[in-house]
Amino acid sequence: MSEMKFRSAALYGRTVRIGLLASTVLAAAPLALAPAALAQDQPAASNNGLEEIVVTAQKRSENLQDVPVSIQAFSGKKLEQFNVTEFNDYVKFLPSVTYQTIAPSQTEIYFRGVASGNDGNHSGPLPSVGVYLDELPVTTIQGAIDVHLYDIARVEALAGPQSTLYGASSQSGTLRIISNAPDPSAFHAGYDLQVNQVDHGGTGTVAEGFVNIPITDTIAVRLVGWQEGDAGYIDNVHGQLTFPVSGITIDNAARAKNNYNDVQTFGGRGAIKIELDDDWTITPSAIGQDQRSNGVFGFSNKLPDLQVTHFQPENNHDRFYQAGLTIQGKIYDLDVTYAGGYFNRWLDSQTDYTEYSFFYDTLFGSGAYITNAAGNIIDPSQHIIGTDKFTKQSHELRVSSPGTDRFHFTAGLFYEHQTHNIRQQYIIPGFDPALSVSTLPGTIWLTEEVRTDRDAAAFGEATYELTDQLSVTGGVRVFDARNSLYGFYGFGSGFSSRTGEARCIPGAAPFKDALCPNLNKVGEEVSETYKANISYKFDDDRMIYFTASDGYRPGGVNRNGNLGPYASDTLYNYEIGWKTTWDDKQVRWNGAFFYENWDQFQFAFLGPNSLTEIANAGSAEIKGFESDASWAIDSHWLVSGAISIIDAALSANYCGTTDAANNPITTCANPQAPSGQSLPVTPPVKANATARYEWTLNDGLDAFLQGSVVYVGRRTSDLRSLERADLGPIPAYASVDLSAGVSNDSFSASVFLKNAFDERGQIYRYAECPANVCATQTNNHSGVVYAVPIQPLTIGFKFGQKF
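Only a predicted model underlies this, so the values are computations on that prediction, with no experimental measurement involved.

Trainee: When you look at the pairing of strand 27 (residues 470-490) in this model, what are you seeing that I'm missing?
Mentor: Successive residues of a regular strand alternate their side chains across the two faces of the sheet. Bridge analysis of strand 26 (residues 443-465) against strand 27 gives 20 bridges, and the strand direction is antiparallel. Paired with Ala458 across the bridge in strand 27 is Val478. Counted along the chain from strand 26 to the antiparallel partner strand 27, the turn is four residues long.

If you want it as structure tokens, here you go:
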């Protein structure tokens, strides 16, 4: 029976929140994170030029303009100006970054077009982008968590392979969220409140607050809390569905509801900073978040705007906590850092599987076999009850020599161990217990598995300054990666003689709620990844650099017993970039050209019984340009813009098969995707521009107007020709954000419009039945395609105070 397909819907703006600086944002996202990544931080314009941004992307504090790699950084000030509270608020300002999602906090992130689509399944490939909260990784197998952003120091986006310093889950890039640290020097506190109204939807609210409390002159505590209610805007409208084999008609009157996809989030964060002496500091920290979402985030192409007709419960309850410890100090002149943490996440979900059930009935007549204990045909509609539990522990110990030395280095050890306990029950109420999974009456299919991924590595990067202007850097990471799957998947023995309980491992004891395990696979590999960089400074304000690097993603095992493992894939990256400031630091212009070769990339797809399979495809080439610029015209005006232009395409046929050694076959008469076909998800052009005007009113209040525009080009949702034709293209769109506000030293107030012209931009398109199954149907219930839109027009108001 089928497993829930990753219906990548872009987790996009659920409720526009009133910008702290009521920004008239013409939202211009910093350009595609190029090597000279755009730290398009738009500081307030001043006679002193653009704001200096300090980053720690290379695991030491450095001025962004002095770092010869692709980094885009938003300071806490910029995050406030863009009214950022969650991932989808800032990702639109990162042209190199694209994403897919099925629900809040279930998001797959991609950098620079390195995307094949169809990722995010529990038994699928690991992510290609790492997400860090301070020093600790928070990437999970099934997508990135969406941490509420408040009292944040900055967000850093590193484009291109970061594997030497950040490891396997940073094959194509890394996102880092850096929180404000406790400050023993002074008391600080503040809060922000906002209310917003979503067009076609409901009302949303946000309440946030923080306090920084010095205990002594060497100890401080910082506490942060938040509550967010995101309004729904997709309606589940009344409808009926008749199954062709049984003739049974179902009705969703009991579940029809307007503003179906609302979200409630609350959480908190805390840290204690203890300065033991002038050299050593200990910082324990903890964060927790609880998020409940209802409904779905895509609308049907068979119904009017922003509507679906679904019949079964649909909701997610996602919560996590992470406890961490960072120790920093000096041994002689070496900076020593230990960062360790434990992460725990639970995700309970209910999913409507009615459309899949309808198509099974239409194509295979499966409804004739869905009976109760008396042998009578019953409603074959299925729904999924899922429980996912993730655990992760990570430890890193590193040392760094002084960055002022002509020769300086960073070296360390890393260990990570993560597990994913997977449970999915496909339920048909009243289903014959004799046909059900033996231990769970009414369950036609059960997935009960444990996935374990372990990564151990040693890494190092060293830089030698050949002259005051010319520097060379080399890096290497040696790793040992291990992946395993153990458990059960399939039907009960009364329903199938070929899968599920019929394939039990002989003599094995029961596994959790399964009668037996039928899956026990392990894969392991040892390899290394490299980086080389050369940079030349013309003067203090202008630099050019070249980087050659590679990124890896470990292979793994397929749970289908007839399939072998899939191998690791490698991304080879070559880029030349520049970082410059001009006119006494009133103008900043960064940019880069890059070429990437993605070799034998991992591709996940639905095979027989809609069971996810992973195979290595051929290869792809990605060529691109990214650039950003900011100009502080005078003490009032600041304008900025960013752009990425990316050509990502297959360099070999994708035939959908592998040879006996699991190498991809690229020679075939009718490839599923021919050489030269574009990769999905990423648009060829993504750009933004922002203008901000600041002035002082007669009563001493500081005022601003801000406007931003974001453009996203046409793209597709699937790699394969048939599937992309079935889904249709994702149209290009442009959205506009506007805001205005006033503030002084103690308070701020603003109003804003997000998506001011109510553009129905689409993030992602998906179908709940594979194209090779549903494309043969011509009835009114076939060919349903769901589009995940950006959040409709939202107007809001925000008020905050600082103490």
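Resuming the write-up.
Trainee: What is the right way to read the nonpolar core from this model?
Mentor: Counting 56 residues, the largest nonpolar core has Tyr90, Ile109 and Leu175 as its most contacted members. Setting aside residues up to four positions removed in sequence, Ile109 forms contacts with Phe87, Val97, Thr98, Tyr99, Ser128, Val129, Val131, Ala144 and Leu175.

Trainee: What's the story with the pattern of salt bridges in this structure? I'm lost.
Mentor: Here the idea is simple: oppositely charged side chains can pair when their charged atoms come close. For the coordinates displayed, the defined rule picks out 36 salt bridges. Between Lys802 and Asp192 there is a salt bridge, and its shortest N-O distance comes to 3.9 Å. Remark: Asp192 occurs in strand 12 (residues 188-198) and Lys802 occurs in strand 42 (residues 794-802); sequence separation between them is 610 residues. Look at Asp192 and you get buried, because its relative accessible area is 2%. Between Asp539 and Arg542 there is a salt bridge, with the nearest N and O atoms lying 3.0 Å from each other. When its relative accessible area of 31% is taken as the criterion, Asp539 is described as partly exposed. Classification of Arg542 as partly exposed rests on a relative accessible area of 21%.

Trainee: Looking at this model, I keep getting lost on the environment of Gly741. Mind explaining?
Mentor: Within the secondary structure layout, Gly741 lies in strand 38 (residues 733-743). Expressed as a C-alpha distance, the spacing of Gly741 and Ala703, which sit 38 residues apart in the sequence, is 5.7 Å.

Trainee: Honestly, the sheet that holds strand 6 (residues 129-133) in this entry has me stumped. Any pointers?
Mentor: Think of a sheet as strands paired side by side through backbone hydrogen bonds, with each pair either parallel or antiparallel. Here we have five strands laid out as an open sheet, ordered 3-10-11-6-7, and mixed in their pairing. One side of each edge strand has no neighbouring strand; the edge strands of this open sheet are strand 3 (71-75) and strand 7 (136-137). With seven bridges joining them, strand 10 (residues 152-159) and strand 11 (residues 173-179) adopt antiparallel strand pairing. Residue pairing for strand 11: Ala157 is matched across the bridge by Leu175.

Trainee: Where do I start with unusual backbone geometry in this structure?
Mentor: The phi torsion of most residues other than glycine is negative, and most of the peptide bonds are trans. For Leu306, which is not a glycine, the phi torsion comes out positive at approximately 60°. Along the chain, Leu306 falls in the loop between strand 20 (299-300) and strand 21 (307-308). According to the relative accessible area criterion, Leu306 is buried, its value standing at 3%. Of note in this structure, Gln600 is not a glycine but carries a positive phi near 50°. Looking at the secondary structure, you find Gln600 in the loop between strand 31 (587-599) and strand 32 (602-606).

Definitions and limits used
Residue numbers run consecutively from 1 along every chain, following the written order of its sequence. For a predicted model such as this one, the threshold for reporting local features is a pLDDT of at least 70, and the threshold for listing and counting side-chain atom pairs is 80 or more; totals across whole chains, interfaces and linings nevertheless cover every residue. Remark: hydrogens and water are excluded; side-chain values derive from all non-hydrogen atoms of the structure. Paired strands, in this sense, are two strands between which DSSP finds at least two bridges. Under the scheme used here, helices are H or I runs from DSSP no shorter than 4 residues and strands are E runs no shorter than 2 residues, and both carry numbers assigned from the N terminus. What makes a nonpolar core is a set of buried Ala, Val, Leu, Ile, Met, Phe, Trp, Tyr and Cys residues whose side-chain atoms join them at distances within 4.5 Å. Buried residues are those whose accessible area, probed at 1.4 Å on protein chains only, stays under 20% of the maximum for their type, while exposed residues exceed 50% and partly exposed ones sit between those limits. It only takes one pair of heavy atoms within 4.5 Å for two residues to be counted as in contact. The salt bridge criterion pairs a side-chain nitrogen of Lys or Arg with a carboxyl oxygen of Asp or Glu, the two atoms within 4 Å.

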